[in-house]
Amino acid sequence: MNNFAITKKEIENKLNSVGDYVKIDFLSQCLKKHLDFDTKKFVQVKLSGLYETRGMPSEAAKLMNHTAEINTTYQGKINDYMKACELYIRSGKFDEADECFNKALVCGNATQKTEMKIKRKEIYKKEAAENLKRDKRKHAMIYYEKLLSMDLMPDEKKMAQMMLLDLYNKLGKVREYINLKKQVG
């Protein structure tokens, strides 16, 4: 291995023989070297996956965002931007998630845009439910509030409003509870 060119095969061989933290360090060092397009994309995706499994979704999202920017196909860009969006949502970085989502929308046709909007709603629902399961009510509340700002079907909107009413009640958010109760009826 020299400093100017490292192949995907050399990287894969090294990754097979070490633990996750050494992989993270090695892949980070690889990104500082001159890599061909495919190798750079491979390294970024591998490193993103390691960050994700190690509970660092924000770092993983940054890498997926960079990967999307260098991707050559619209479908590849959509997949990478949506993965970055999901990871940013998980880390609570909603502005960055919206930015990635909007970039993905630009790359898609009408059918793909509809699918992406549905997927984003599902990600928010899943994260809200996960936070409720872990008894992180305030975090769940934030996800449900964000969900309510989206274009929802009537039953989805009703479910989110009911969940929020319950959370506002449990969190002692009287003003928010009263305002939402008036909207719900």
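> I keep staring at the overall build of the protein and nothing clicks. Help me out?
Across its full length, the protein carries 10 helices and 0 strands. Along the protein, helices (α) and strands (β) appear in the sequence α-α-α-α-α-α-α-α-α-α when read from the amino end. Taken over the C-alpha trace, the protein has a radius of gyration of 20 Å; the compact-globule value for 185 residues is 16 Å, which it surpasses by more than 25%. C-alpha atoms of the protein, sized along the principal axes, occupy 70 × 35 × 20 Å. Put simply, of all contacts in the protein between residues at least 6 apart along the chain, 47% involve residues at least 24 apart. Surface summary for the protein: the accessible area is close to 10700 Å², and the carbon and sulfur share equals 51%. Looking at charge distribution, the protein has the averaged site of its 36 positive side-chain charges lying 3 Å from that of its 26 negative ones.

> Help me out: how do you make sense of the pattern of salt bridges in this one?
Pairing between side chains of opposite charge can happen when their charged atoms approach one another. One pass over the full model with this rule turns up 16 salt bridges. In this structure, the salt-bridge partner of Glu 52 is Lys 83, at a minimum N-O distance of 3.1 Å. Taken together, the residues span a long stretch of sequence, with Glu 52 in helix H3 (residues 37–53) and Lys 83 in helix H5 (residues 74–90) at a distance of 31 residues. Judged by its relative accessible area of 23%, Lys 83 is partly exposed. Via salt bridges that share partners, Glu 52, Lys 83, Glu 86 and Arg 90 belong to a single interconnected network.

> Would you explain the side chain of Gln 44 in this entry?
Looking at the secondary structure, you find Gln 44 in helix H3. In this structure, Gln 44 is in contact with Leu 31, Leu 63, His 66, Thr 67 and Ile 70, ignoring residues within four places of it in sequence.

> So what exactly am I meant to see when it comes to the environment of Thr 53 here?
Along the polypeptide, Thr 53 turns up in helix H3. When its relative accessible area of 61% is taken as the criterion, Thr 53 is described as exposed. Sequence spacing of Thr 53 and Thr 73 is 20 residues, and the spatial spacing of their C-alpha atoms is 26 Å.

> I keep staring at the packing of aromatic side chains and nothing clicks. Help me out?
Aromatic rings considered in pairs are described by the distance between their centres and by the relative angle of their planes. As enumerated under the stated definition, the model contains 3 aromatic pairs in all. Between Phe 94 and Tyr 124 the ring centres are 5.7 Å apart and the planes differ by 35 degrees, which places this aromatic pair in the tilted class. Taken as a pair, Phe 94 in helix H6 (residues 94–107) and Tyr 124 in helix H7 (residues 110–133) lie far apart in primary sequence, 30 residues in all. We classify Phe 94 as buried; its relative accessible area is 16%. With relative accessibility at 0%, the residue Tyr 124 sits in the buried group. Measuring from centroid to centroid gives 5.4 Å for Phe 94 and Tyr 143, while their planes differ by 90 degrees, and the two rings are edge-to-face. Of this pair, Phe 94 sits in helix H6 while Tyr 143 sits in helix H8 (residues 137–148); the two residues are 49 residues apart in sequence, bridging distant segments of the chain. Taking the relative accessible area as the measure of exposure, Tyr 143 reaches 5% and is therefore buried. Taken together, the aromatic side chains of Phe 94, Tyr 124 and Tyr 143 make up a single cluster linked through ring pairs. Seen from the ring of Phe 26, Lys 14 lies directly overhead, with NZ or CZ sitting 5.7 Å from the centre. For Arg 120, the ring lying beneath its charged end belongs to Phe 101, and the centroid distance is 4.0 Å.

Thresholds applied
- Residues numbered from 1 in each chain as written.
- Predicted model: local features only at pLDDT ≥ 70, side-chain atom pairs only at ≥ 80, totals over all residues.
- Heavy atoms only, no water.
- Helix = DSSP H or I, 4+ residues; strand = E, 2+ residues; numbered from the N terminus.
- Rg over C-alpha atoms; globule rule 2.2 N^0.38 Å.
- Contact = heavy atoms within 4.5 Å.
- Areas by Shrake-Rupley, 256 points an atom, 1.4 Å probe, with all protein chains shown as cover.
- Lys, Arg positive; Asp, Glu negative; His and termini not counted.
- Charge placed at Lys NZ, Arg CZ, Asp CG, Glu CD.
- Salt bridge = Lys/Arg side-chain N within 4 Å of Asp/Glu carboxyl O.
- Buried < 20%, exposed > 50% of the residue type's maximum accessible area, 1.4 Å probe, protein only.
- Phe/Tyr/Trp six-rings, centres within 6.5 Å; stacked < 30°, edge-to-face > 60°.
- Lys NZ or Arg CZ within 6 Å of the ring centre and 35° of its normal.

Honestly, it's all geometry; don't read function into it.
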